[in-house]
Amino acid sequence: MKTGKTNQVLWAGRLAEKPEAEAFAFQASIQVDKRLAQEDISGSRAHTAMLAKQGIIPAETAKTLDKELARIAEELAAGPAGELSALAIDKNAEDIHSFIEGLLTQRLGDSGRMVHAGRSRNDQVALDFRLYLKKALPQLREELAETIGVLLDTAEAQAETIMPGYTHLQRAQPVTLGYHLTAWACALDRDRGRLADALERLNECPLGAGALAGSTLPLDREISAKVLGFRGPTLNGMDSVADRDFALEIAAALSIVMVHLSRFCEDIVLWASEEFKFIDLAESWSTGSSIMPQKKNPDFAELIRGKAGRTTGNLVTLLTILKGLPYAYDKDLQEDKEALFDSIDTAASCLRMFRGMTASAAFNTERMKAACAGGFMEATDAAEYLVRKGLPFRNAHEAAALVVRDCIAAGQASIGERTLAELKTRSSLFEEDIYAALEPETCVKNRKLPGGPAPEEVRRQIAELRRHL
Ligand code: ARG
């Protein structure tokens, strides 16, 4: 493997002395922005072609540069094992931009020294970051799509599985497991939309903004923007190097993704407890205890929930970096990439882990059904039964509430345990058909409004969400 030691800084002309090793390493960013190597090379290739087209550098030089840049890209590309590459990035370089330019100069001499005409690392880093995100965001949207797919497949299979729906973590009304899982899928569907929106807004090319004020050279910003697959160049150069809205938007969108996963995982942790026992996580998606021999813990769900803290932290980091930052570029901005890369990596791996854990879980549908008995989840249905018979809702609510109190006083677990004569003491409108109306299956089946838990309606919701994929 070649070592790409370039051993020089781009600003050596002005400053005769370099910071001492620890200080140099402190201000360097190569360990983080080496991830942008391929994007940096793509940007340089587009810039070089444009420089030649505009007569700023000789066509022959552009050809040489392009060939060498392509070679470096290939040498840096990961091998099949994922880590093998023919060229090592010099960990003592200042940043990826210095490293690539240094390498060109080392290999090509004066031709290499021509590549940076009309460019600054300020527009270069803004470009590389955007190019990287143009690739990363569709991948994240795909991770979301696959996760939604798993939830919807399970939701479809469990469209008739009755379970308690909760408010205040108290049993509220019967729903189905399919309905619950479809609710989760709706949240992830919006996440996909937020990433698509961010992608749309970041799709402008900052190249040509220079350090902050463009260039006196006759650059053609349209050409490089087009070659790099952008909608067009950014409007204002100062904005282009100062702006990190795209990073903020994505960090926000990803912290919302993680808050969603965290909430789903909280449900799973509850469901996996002995108290609920609604879900049986696969053994391969559980961990044991070093001391308690009986334990089977939902560590994956807990860790995903915990990692939502990182992504929230990264968003706060970015907001804090930007707040109070004078225009245009400031070195503070170098901290942006570590935060956003971490959010991207965290969200991607958590989506994969969540998917694996959920797809392999077994649901204890008997327990779910049994949990619908007791807790008087049929009380709203009793009240709506009376409304259908003409009683004002508030009176119906009171009558049903009194029936619940009667049940509790009599030690009964559900309204259906009362005789019709007993029910009639609270409302004469109760008839024999009340008993069928109180069955959990009926309660669910009757909620067939758009957005409701009735199985046929949930199947419609599932079909609608699948269309978005
Ligand atoms: N490594 C820098 C960053 O990530 C590149 C831009 C440096 N520009 C500068 N004027 N020091 O922000």
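Residue numbers restart at each chain and count upward from 1, following the sequence in its written direction. Reporting of local features is limited, given that this is a predicted model, to residues whose pLDDT is at least 70; pairs of side-chain atoms are given and counted only at 80 or more, and all residues count toward the totals for whole chains, interfaces and linings. Hydrogens and water are ignored here; the side-chain numbers use all heavy atoms of the structure.

A.B. asks: I would appreciate a short explanation of a nonpolar patch on the surface in the present structure.
C.D. replies: A surface patch of nonpolar side chains, about 320 Å² in accessible area, is lined by Leu212, Met238 and Tyr327. Here a helix means four or more residues in a row that DSSP labels H or I, a strand means two or more in a row labelled E, and each is numbered from the N terminus. Residue placement: methionine 238 occurs in helix H9 (residues 237–242). Distance thresholds for patches are 9 Å for like charges and 5 Å for nonpolar side chains (Val, Leu, Ile, Met, Phe, Trp, Tyr), applied to residues having over 30% relative accessible area and no salt bridge. Accessibility throughout is a Shrake-Rupley quantity obtained with a 1.4 Å probe, and a residue counts as covered only by protein chains that appear here. Whenever a carboxyl oxygen of Asp or Glu lies within 4 Å of a side-chain nitrogen of Lys or Arg, that contact is scored as a salt bridge.

A.B. asks: Just to check I follow, could you spell out the pattern of salt bridges for this structure?
C.D. replies: Two side chains carrying opposite charge are able to pair once their charged atoms lie near each other. Applying the stated criterion to the full structure yields 35 salt bridges. For glutamate 68, the salt bridge goes to arginine 71, with nearest N and O atoms at 3.2 Å. You can see glutamate 68 and its partner arginine 71 sitting in helix H4 (residues 59–76), 3 residues apart, about one turn around the helix. Linking glutamate 156 and arginine 466 is a salt bridge whose minimum nitrogen-to-oxygen distance equals 3.1 Å. A residue pair is termed long-range when its members are at least 10 positions apart, and glutamate 156 in helix H6 (residues 121–157) and arginine 466 in helix H19 (residues 455–468) qualify at 310 residues. Classification of residues uses two cut-offs on accessible area relative to the type maximum, computed with a 1.4 Å probe and protein chains only: under 20% is buried, over 50% is exposed, and between them is partly exposed. With a relative accessible area of 32%, arginine 466 lands in the partly exposed category. Taken together, the shared-partner salt bridges in this structure form one network comprising Glu68, Arg71, Glu75 and Arg107.

A.B. asks: It is not clear to me how the packing of H6 against helix H10 (residues 245–272) should be interpreted in this structure. Could you clarify?
C.D. replies: Lines fitted to C-alpha atoms define the axes, with helix axes restricted to the stretch in contact, and inter-axis angles between N-to-C directions lie between 0 and 180 degrees. Remark: H6 packs on H10, axes separated minimally by 12 Å, with the N-to-C direction vectors making an angle of 20°. Considered as vectors, H6 and H10 are oriented roughly parallel to each other. In this structure, H6 crosses over H10, and the sense of that crossing is left-handed. When H6 is examined against H10, the residues Phe129, Arg130, Leu133, Leu137, Leu140 and Leu144 are found in contact with a partner set consisting of Phe246, Ala247, Ile250, Leu254 and Val257. Per-class residue counts for the contact of H6 with H10 are 10 nonpolar, no polar and 1 charged. If an angle is under 35 degrees, it is roughly parallel; if it is over 145, roughly antiparallel; if it lies from 65 to 115, roughly perpendicular; otherwise it is oblique. In this scheme the crossing of two helices becomes right-handed for a clockwise turn of the near helix relative to the far one and left-handed for an anticlockwise turn of less than a right angle. What makes two residues a contact is simply this: any of their non-hydrogen atoms within 4.5 Å. Each residue is assigned to one class: nonpolar for Ala, Val, Leu, Ile, Met, Phe, Trp, Tyr, Cys and Pro, charged for Asp, Glu, Lys and Arg, and polar for all the others, Gly among them.

A.B. asks: Can you walk me through the pairing of strand E3 (residues 162–167) in this structure?
C.D. replies: Within a regular beta strand, the side chains point alternately toward one face of the sheet and then the other, so they alternate between its two faces. Of the pairings in the sheet, the one linking E3 to strand E4 (residues 170–176) comprises 6 bridges and is antiparallel in character. Opposite threonine 167, over in E4, you have glutamine 170 as the bridge partner. Here the rule is simple: two strands pair whenever DSSP picks up at least two bridges between them. The turn joining E3 and E4, which pair antiparallel and follow one another in sequence, is formed by 2 residues; a positive phi near 55° is taken by histidine 168.

A.B. asks: Is there a simple way to think about the side chain of arginine 447 in this case?
C.D. replies: Relative to the assigned elements, arginine 447 resides in the loop between helix H18 (440–445) and H19. Any pair of N or O atoms that falls within 3.5 Å is considered a polar contact. Within protein, one atom must be able to donate a hydrogen and the other to accept it, and sequence-neighbouring residues count only if both atoms are side-chain atoms. Among the polar contacts made by the side chain of arginine 447, one reaches the main-chain carbonyl oxygen of cysteine 443 at a distance of 3.2 Å. Not counting the four nearest positions on each side in its chain, arginine 447 is found in contact with Gln173, Thr380, Asp381, Gly452, Pro453 and Ala454.

A.B. asks: What exactly am I supposed to notice about the layout of surface pockets here?
C.D. replies: Remark: the empty space left among the atoms is shown by a probe the size of a water molecule rolled over them. Throughout, the protein atoms alone are placed on a 1 Å grid, and a set of points is a cavity if a 1.4 Å probe fits but cannot get out or a pocket if it is open with protein on both sides within 12 Å along at least five of seven lines; lining residues have an atom within 4 Å of a point. Grid points are joined across faces, edges and corners, and a volume is the space filled by probe spheres set on the points. In this structure, the largest pocket occupies an estimated 570 Å³ of space. For the largest pocket, the lining is made up of 23 residues, of which Tyr166, His180, Trp184, Arg263 and Asp267 are closest to its centre. Examining the composition of the lining of the largest pocket, we find that 8 residues originate from one element, helix H7 (residues 177–202), more than from any other. Classifying every residue of the lining of the largest pocket gives 13 nonpolar, 6 polar and 4 charged.

A.B. asks: What is the right way to read the environment of threonine 287 from this model?
C.D. replies: Mapped onto the fold, threonine 287 is located in the loop between strand E7 (279–280) and helix H11 (299–322). Once the C-alpha coordinates of threonine 287 and alanine 28 are considered, the two residues, 259 residues apart in sequence, prove to be 40 Å apart. Only 2.8 Å separates the side chain of threonine 287 from the side chain of aspartate 299, close enough to count as a polar contact.

A.B. asks: Help me understand the nonpolar core in this model?
C.D. replies: Counting residues in each nonpolar core, the largest one holds 88 residues, and the members touching the most others are Leu133, Ile250, Leu261, Trp271, Phe354 and Met357. Per-element tally for this core: the top contributor is H10, with 15 residues. Discounting chain neighbours no more than four positions away, the residues touching leucine 133 are Pro138, Leu199, Leu202, Phe246, Ile250, Leu340 and Ile344. In plain words, nonpolar cores are sets of buried Ala, Val, Leu, Ile, Met, Phe, Trp, Tyr and Cys residues tied together by side-chain atoms within 4.5 Å.

A.B. asks: Would you take a moment to explain the environment of valine 387 for this structure?
C.D. replies: Turning to its location among the elements, valine 387 is positioned in helix H14 (residues 379–388). Residue classification places valine 387 among the partly exposed positions, given a relative accessible area of 34%. As a C-alpha pair, valine 387 and leucine 69 span 318 residues in sequence and 76 Å in three-dimensional space.

A.B. asks: Help me understand unusual backbone geometry, please; the structure alone is not making it clear to me.
C.D. replies: Outside of glycine, negative phi angles account for most residues, and trans bonds account for most peptide bonds. The peptide bond linking tyrosine 327 to alanine 328 adopts the cis configuration, its omega dihedral lying at 5°. Along the chain, the position of alanine 328 falls in the loop between H11 and helix H12 (336–359). Positive phi values are uncommon outside glycine, yet histidine 168 reaches one of about 55°. As for its position among the elements, histidine 168 is in the loop between E3 and E4. Backbone geometry places lysine 277, a non-glycine residue, at a positive phi of 60°. Along the chain, lysine 277 turns up in the loop between H10 and E7.

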